[in-house]
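Each chain is listed here by its residues.
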Amino acid sequence: MDSATSETRTPLGASADNGLKIVIVGGFGVGKTTLVRSVSEIRPLNTEETMTRAGEAVDDISEVRDKKATTVAFDFGRITLDARNVLYLFGAPGQERFWFLWDRLFSGTLGAVVLVDTRRIDDSWYAIDRLEHHGTPFIVACNDFGGPTYAPRQIREALDLDPHVPLLDCDARSRASGKQVLITLVEHVKKQYAGSAQVSPVPEELTL
Amino acid sequence: MSRPGRDDSPDRLYTLTGGRAHAAPDSPFDLVTLVVAECDPGPGLQSEHATILRLTQLPTAVVELAAELKLPVGITKILLSDLLAAGRVSARHPRRTAASGVPDPDVLEQVLVGLRNL
Ligand SMILES: Nc1nc2c(ncn2[C@@H]2O[C@H](COP(=O)(O)OP(=O)(O)OP(=O)(O)O)[C@@H](O)[C@H]2O)c(=O)[nH]1
Ligand SMILES: [Mg+2]
């Protein structure tokens, strides 16, 4: 356990005291890990959480023994923003069957990036539906796999996207592009909360 | 790199945590809570506890600890709860303005500045 990973660890500064989360979602193989890798200051790491069917973190090992639990693997990267703030990017599992766990696993996230492969637009529909349901701010980024180029209007129509949700093109392999995606998301989050400051708070844990 | 938890049979996890029940809603640890060691890994500590104390000489997020330990996040949180209760680590939790979970506008601005400076 003290081998390669520990030797190459890049620790945070001593004054870091505020962790933030952004989640990258989208269908299988759409470039989530690639995007995390492009912008992360560490090589993406992988870990897993064991969840019960109720969507709660396992609270008793006996539940693991009874196989009532589901294991969800995800990868993540990190961006040190300043002396105190550090942003973690999570590549959410793409499989639909994990989505019932999503709000618990990534509760408190600033927002989400929905990655779309224009050759398989329909794969993203489910992710968008869940995010809307949870009230999580999100943007849509079309990852360039050399697929057909559609007018933004066509993509919005295909995804049944609310007009206020930002939509942009990106190349998940490019750091500059990944950075622009994140900035677009955070600007959107800022706008969304500024606009809803007077609205009563959203309950923290919504059930599916 | 191998996936954490790959070799973690329920029996190994049971041994690590003493099979304790762990009420998730009470756990103070978020995935991105930053953990800092408050002491050196002295002798007589469970090896995972000692490893955590070594890894947290500087602030380290729960999720990074889990990845380094190759343990599921939930088990890592149980180990951290032990260390926290014993005063061996401290926890820096994510800042939130309200129970609503709405992010602090100042923090959002800091995030934007940080991202633009990348
Ligand atoms: N042409 C092109 N290929 C890409 C791009 N982004 C990712 N890829 C490739 O697409 C493949 C899948 O990318 P991943 O980042 O692993 O996708 P993922 O969403 O993490 O996949 P899963 O976690 O398995 O769902 C890899 O071979 C990448 O190199 C892109 O922008 N353009
Ligand atoms: Mg991936």
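Structural notes, computed from the coordinates. Quick caveat: nothing in here was measured; it's all calculated off a predicted structure.

## Section: the overall build of chain A
Here's step 1: Assigned secondary structure in chain A consists of seven helices and seven strands.
Here's step 2: N-terminal to C-terminal, the α/β element order of chain A is α-β-α-β-α-β-β-α-β-α-β-α-β-α.
Here's step 3: Counting every position in chain A, which comprises 208 residues, the buried fraction comes to 53%.
Here's step 4: For chain A, contacts bridging at least 24 residues in sequence account for 73% of all contacts bridging at least 6.

## Considering the site of ligand 1
Residues and elements named next belong to chain A.
Here's step 1: Near ligand 1 lie 13 residues; those nearest to it are Lys32, Thr33, Thr34, Asn143 and Asp144.
Here's step 2: A distance of 3.0 Å is found between an oxygen atom of ligand 1 and a backbone nitrogen or oxygen belonging to Gly31.
Here's step 3: Residue Ala172 places a main-chain N or O atom 3.4 Å away from an oxygen atom belonging to ligand 1.
Here's step 4: Protein chains bury 65% of the 650 Å² of accessible surface belonging to ligand 1 in isolation.
Here's step 5: The element best represented in the shell around ligand 1 is helix α2 (residues 32-39), accounting for three residues.

## Thoughts on the pattern of salt bridges
Here's step 1: As enumerated under the stated definition, the model contains 14 salt bridges over all chains in all.
Here's step 2: Note that B:Glu68 and A:Arg9 form a salt bridge whose closest N and O atoms lie 3.6 Å from each other. Linking B:Glu68 in helix α3 (residues 62-69) with A:Arg9 in the loop between α1 (4-7) and β1 (18-25), this pair reaches from one chain into another. Each member of the pair, B:Glu68 as well as A:Arg9, is classed as buried.
Here's step 3: A salt bridge links A:Arg120 to A:Asp117; the shortest N-O distance between them is 3.5 Å.
Here's step 4: Residue classification places A:Arg120 among the partly exposed residues on the basis of a relative accessible area of 29%.
Here's step 5: Taking relative accessible area as the criterion, A:Asp117 reaches 1% and is therefore assigned buried.
Here's step 6: Each of A:Asp117, A:Arg119, A:Arg120 and A:Asp123 takes part in a single network of salt bridges with overlapping partners.

## Concerning the sheet that holds strand β2 (residues 60-61) of chain B
Residue and element names in this part refer to chain B.
Here's step 1: The strand order across the open sheet formed by three strands is β2-β1-β3, and the pairing between neighbours is antiparallel. The strands lining the two open edges of the sheet, one partner per strand, are β2 and β3 (89-92).
Here's step 2: Note: strand β1 (residues 34-37) against β2, two bridges, orientation antiparallel. Directly across from Leu34, in β2, lies its bridge partner Ala61.
Here's step 3: Its contacts with the sheet put helix α4 (residues 73-85) on β1 and β3, and the angle it makes with β3 is roughly 115°.

## Digging into the pairing of strand β5 (residues 111-117) of chain A
All names here are of chain A.
Here's step 1: In terms of residue burial, β5 counts as a mostly covered element, since seven of its seven residues are buried.
Here's step 2: Neither face of β5 is exposed, since Gly111, Val113, Leu115 and Asp117 on one face and Ala112, Val114 and Val116 on the opposite face are all buried.
Here's step 3: Inspection of the sheet shows β1 paired to β5 by four bridges, in the parallel sense. By the bridge assignment for β5, Val23 is matched with Ala112.
Here's step 4: Pairing geometry for β5 and strand β6 (residues 138-143), over six bridges, is parallel. What sits directly across from Leu115, in β6, is Ala141.

Calculation notes
Residues numbered from 1 in each chain as written. Chains lettered and ligands numbered in written order. Predicted model: local features only at pLDDT ≥ 70, side-chain atom pairs only at ≥ 80, totals over all residues. Heavy atoms only, no water. Helix = DSSP H or I, 4+ residues; strand = E, 2+ residues; numbered from the N terminus. Buried < 20%, exposed > 50% of the residue type's maximum accessible area, 1.4 Å probe, protein only. Contact = heavy atoms within 4.5 Å. Near = heavy atom within 4 Å. Polar contact = N/O pair within 3.5 Å; in protein donor to acceptor, adjacent residues only side chain to side chain. Areas by Shrake-Rupley, 256 points an atom, 1.4 Å probe, with all protein chains shown as cover. Salt bridge = Lys/Arg side-chain N within 4 Å of Asp/Glu carboxyl O. Pairing = 2+ DSSP bridges. Axes fitted to C-alpha atoms, helices over the stretch in contact; angles between N-to-C directions.

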